[in-house]
Amino acid sequence: MVRSLAALAVGLTLIAASAAPNAPAAAGPVTFLPGSEGMGDPYYPLQGNGGYDVGHYDLRLRFDPDDHSVDATTTITATAVQNLSRFNLDFSGPQISGVLVNGAQASYHRDGQELVITPPNGLLSGSTFTVAVSYAGAPKAVSDATGEQGWLRTEDGVYVASQPDGARSWFPANDSPADKATFSFRISAPEDLAVLANGEHTGTDSADDDGYRTVHWEMKQPMAPYLATLAIGHFVVNEGTVGGMPNVTAYDPSLADESKDLHDFTAKAVAWETGLFGPYPFSSTGGIADGDGSVTALETQGRPVYSGGPSDDLEIVHELAHQWFGDSVGVRSWRDIWLNEGFATYAEWLYQEQHGGPSAKEIFDEHYRKTGGFWHLKTGDPGQAHMFDENAVYLRGAMTVQALRTKIGDKVFFPLLKTWAQQNRHGTATTADFVSLAEKLSGQNLRPFFDAWLYQAAKPRV
Ligand SMILES: [Zn+2]
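Residues numbered from 1 in each chain as written. Predicted model: local features only at pLDDT ≥ 70, side-chain atom pairs only at ≥ 80, totals over all residues. Heavy atoms only, no water.

Student: Sorry if this is basic, but what is going on with helix H6 (residues 390-408) here?
Tutor: Because each turn of an α-helix spans 3.6 residues, side chains separated by three or four positions in sequence point in the same direction. With 19 residues, H6 should reach 27 Å at 1.5 Å per residue; the first-to-last C-alpha distance of 26 Å fits that figure. Burial within H6 is extensive, with 15 of its 19 residues counted as buried. Positive phi appears at Gly409, one or two residues downstream of H6, with a value of about 85 degrees. (Helix = DSSP H or I, 4+ residues; strand = E, 2+ residues; numbered from the N terminus. Expected span 1.5 Å × (residues − 1). Buried < 20%, exposed > 50% of the residue type's maximum accessible area, 1.4 Å probe, protein only.)

The following block contains the structure:
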């Protein structure tokens, strides 16, 4: 959920309450206009949609492992932020059988990744509405310059890793990192298969006549759609606690070797990162190891997914650091992706520094010696096709953080990390917000510093 819009909606609801639901106010003519088809992200302009703000997703999905198909209904509760004659969702999933808005049949059509919905009556700004989309068939992953993403098939089921644009492969969404919402999952599968998702396991229904049982998971803190996950298949599940909250990890039995540290090291890393970054932002943690390693690990909220199993302990440190930097403090625009990847990579450096390895400064020095192509993109604006570039975004992002630490000193730097995580908890932020906070806490003019590190395709002077 977008905080500022939620606050606005409270005021507008009072106006809407004086009018009949979904009808123009009696006082005069009310104009209803279409919501925009995107939110204008510089890298993914069609992601997300204008005119409303999602509060909750309810995903009900029945999975048939024989043909990898689903029979699903996603119900979205949202608040209009303009008078809407129609609105869009992002959806590239299988055949739709019907769309209801506030329980009434709505007309719809599909246009590329856009699902365009026209409710029987206009929706007044400030009013809360539901939209339920029913669909069935076999979802397919989305593929673009950043790789395969979304619904990823396995031999015995599926797992989901959707950054940046794959959520629309399996559920209709306002698929912008800027519109966070809570999620409920009601996932049905044959009872010999395990079902995992984000958040807490809140119940399992007994099997029906077909041998399917429904497993309930809840993500109670706001989550961007691309961070939603689901894993169905044969899993070894471990349940424990860390800091009083559930730690649920699972691995495909074929990944037992790669996953031997997953459970205990997840608990260890969360405890260590809580000391550095402040309170863990969600009410449970864990990890899921599945798939063949053909995609990279992803920081799916509260429970990262490790394709092919964790490659090493530092990968677990990285994905869990994203719980603070990327998930709780989300980017509003993909151009700022270094705020996620630079900080998570820097967490790996700090972990090594504090556990008998090289210092973060030594790792920085090793990379700083590099020449040529290492410096050829802009860390703060790498371009859509290069937004996950190892050198420009991960390594030079972490180098930016280390260079900042050197410039402002440990006494300002470590409180800055905690303040950043706390002030933007469960929200979204921009590079400009980070620069402002760093300047405020350090009392230094840091614009030239960040310009050199983020917005030049050249090696900065140190
Ligand atoms: Zn990462």
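Student: How should I be thinking about the sheet that holds strand E18 (residues 236-242) in this particular structure?
Tutor: Adjacent strands of a sheet pair through backbone hydrogen bonds, lying either parallel or antiparallel. Read from one edge to the other, the open sheet built from 4 strands follows the order E18-E19-E20-E21, with strand pairing classed as mixed. The open sheet has two free edges, formed respectively by E18 and strand E21 (305-307), since each of these has just one partner strand. Taking each pair of neighbouring strands and ignoring which way they run, the sheet shows an average axis angle of 15 degrees. Summarising the sheet, E18 and strand E19 (residues 245-251) pair through 7 bridges and their orientation is antiparallel. (Pairing = 2+ DSSP bridges. Axes fitted to C-alpha atoms, helices over the stretch in contact; angles between N-to-C directions.)

Student: What should I look at first to understand the pattern of salt bridges in this one?
Tutor: When their charged atoms lie close together, side chains carrying opposite charge are able to pair. Per the counting criterion, the structure on display carries 11 salt bridges. For Asp210, the salt bridge identified is with Arg62, shortest N-O distance 3.3 Å. Highlighted residues: Asp210 in the loop between strand E15 (200-204) and strand E16 (212-223) and Arg62 in strand E2 (residues 52-64), separated in sequence by 148 residues. Classification of Arg62 by relative accessible area gives partly exposed; the value is 29%. Between Glu218 and Arg186 there is a salt bridge, and its shortest N-O distance comes to 3.1 Å. Residue Glu218 is found in strand E16, and its partner Arg186 is found in strand E13 (residues 181-190); the two are separated by 32 residues along the sequence. For Arg186, a relative accessible area of 18% puts it in the buried group. (Salt bridge = Lys/Arg side-chain N within 4 Å of Asp/Glu carboxyl O.)

Student: I'm lost on the environment of Ile337 in this one. Help?
Tutor: You can see Ile337 is positioned in the loop between strand E22 (329-331) and helix H4 (338-353). Overall, the relative accessible area of 0% leaves Ile337 in the buried class. Residue contacts for Ile337: discarding those within four places in its chain leaves Gln163, Val331, Pro382, Met387, Phe388 and Val393. (Contact = heavy atoms within 4.5 Å.)

Student: Please explain the UniProt feature "domain: Aminopeptidase N-like N-terminal" (unreviewed entry) in the protein chain as it appears in this structure.
Tutor: Under the UniProt annotation, "domain: Aminopeptidase N-like N-terminal" (unreviewed entry) lies at residues 56-227. The span residues 56-227 shows a helical share of 0% and a strand share of 60%, and its end C-alpha atoms are spaced 14 Å apart. (UniProt positions renumbered as here; feature names shortened; annotations may be inferred.)

Student: Just checking my understanding: could you explain the layout of surface pockets for this structure?
Tutor: Once rolled over the atoms, a probe with the size of a water molecule shows which space is left empty. Reported here for the largest pocket is a volume of approximately 580 Å³. Lining the largest pocket we find 27 residues, and of these Thr296, Ala297, Glu319, Phe388 and Tyr394 sit closest to its centre. Elements with a contribution of two residues or more to the lining of the largest pocket: strand E11 (147-154), helix H3 (313-324), H4 and H6. Of the residues assigned to the lining of the largest pocket, the class counts are 9 nonpolar, 11 polar and 7 charged. In terms of domain composition, the lining of the largest pocket takes at least three residues from each of domain 2 (235-324) and domain 3 (331-454). Taken as a whole, the second largest pocket holds about 280 Å³ of empty space. Taken together, 18 residues make up the lining of the second largest pocket; nearest its centre are Arg153, Thr154, Tyr159, Gly291 and Asp292. (1 Å grid on protein atoms, 1.4 Å probe; cavity = no way out; pocket = protein on both sides within 12 Å on 5 of 7 lines; lining within 4 Å. Points joined across faces, edges and corners; volume = space filled by probe spheres on them. Nonpolar A, V, L, I, M, F, W, Y, C, P; charged D, E, K, R; others polar. Domains from an automatic or database assignment.)

Student: Is there a simple way to think about the sheet that holds strand E1 (residues 33-34) in this case?
Tutor: Overall, mixed pairing links the 4 strands, which are arranged E1-E4-E8-E7 in an open sheet. Strand pairing shows two members of the sheet lacking a second neighbour, E1 and strand E7 (107-111), which therefore form its edges. Alignment of E1 against strand E4 (residues 84-90), held across 2 bridges, turns out to be parallel. Paired with Pro34 across the bridge in E4 is Arg86.

Student: Can you walk me through the environment of Gly211 in this structure?
Tutor: Relative to the helices and strands, Gly211 resides in the loop between E15 and E16. Between the C-alpha atom of Gly211 and that of Asp179, which follows or precedes it by 32 residues, the distance is 37 Å. Apart from residues no more than four positions distant in its own chain, Gly211 is found in contact with Ala189, Pro190 and Glu191.

Student: Would you mind showing me how to read the pairing of strand E9 (residues 128-137) here?
Tutor: Each regular strand displays side chains that alternate between the two surfaces of the sheet. Judged from the 10 bridges that link them, strand E3 (residues 69-80) and E9 form a sheet pairing that is antiparallel. Across the sheet, Thr75 pairs through a bridge with Ala132, a residue of E9. For strand E5 (residues 96-101) and E9, the ladder comprises 5 bridges, and the chain directions are antiparallel. Paired with Ile96 across the bridge in E9 is Tyr135.

Student: Please clarify how the coordination of the zinc ion should be interpreted in this entry.
Tutor: Binding of the zinc ion to the protein goes through His318 (NE2), His322 (NE2) and Glu341 (OE), at separations of 2.0 to 2.1 Å. The sequence pattern formed by the donor residues of the zinc ion is H-x3-H-x18-E. Of this pair, His318 sits in helix H3 while Glu341 sits in helix H4, and the two are 23 residues apart along the sequence. Using a relative accessible area of 6% as the deciding quantity, one classes His318 as buried. (Donors = N, O, S within 2.8 Å, 3.2 Å for Na, K, Ca; no water.)

Student: Where do I start with the environment of Tyr394 in this structure?
Tutor: Within the secondary structure, Tyr394 sits in helix H6. Judged by its relative accessible area of 17%, Tyr394 is buried. Residues Tyr394 and Lys440, 46 residues apart in the sequence, show an inter-C-alpha distance of 25 Å. Not counting the four nearest positions on each side in its chain, Tyr394 is found in contact with His318, Glu341, Gly342, Thr345, Phe388 and Asp389.

Student: When you look at the domain arrangement of the protein chain in this model, what are you seeing that I'm missing?
Tutor: How large an interface is tends to be reported as the accessible area lost when its parts come together. Considered domain by domain, the protein chain is made up of domain 1 (3-141 + 166-227), domain 2 (235-324) and domain 3 (331-454). On a C-alpha basis, the centres of domain 2 and domain 3 stand 23 Å from each other. In this assembly, 19 residues from domain 2 lie in contact with 19 residues from domain 3. Buried area between domain 2 and domain 3, summed over both chains or domains, comes out near 1,500 Å², and the portion from carbon and sulfur atoms is 65%. For the pair domain 2 and domain 3, the interface holds 0 salt bridges. Taken together, the connections running from domain 2 to domain 3 amount to 7 residue pairs in polar contact (both at pLDDT 80 or more). Looking at the side of domain 2 that touches domain 3, the element that brings in the most residues is helix H2 (residues 262-277), giving 7 residues. Looking at side-chain class alone, the side of domain 2 that touches domain 3 contains 12 nonpolar, 4 polar and 3 charged residues. (Buried area = accessible area lost by both parts, 1.4 Å probe. Polar contact = N/O pair within 3.5 Å; in protein donor to acceptor, adjacent residues only side chain to side chain.)

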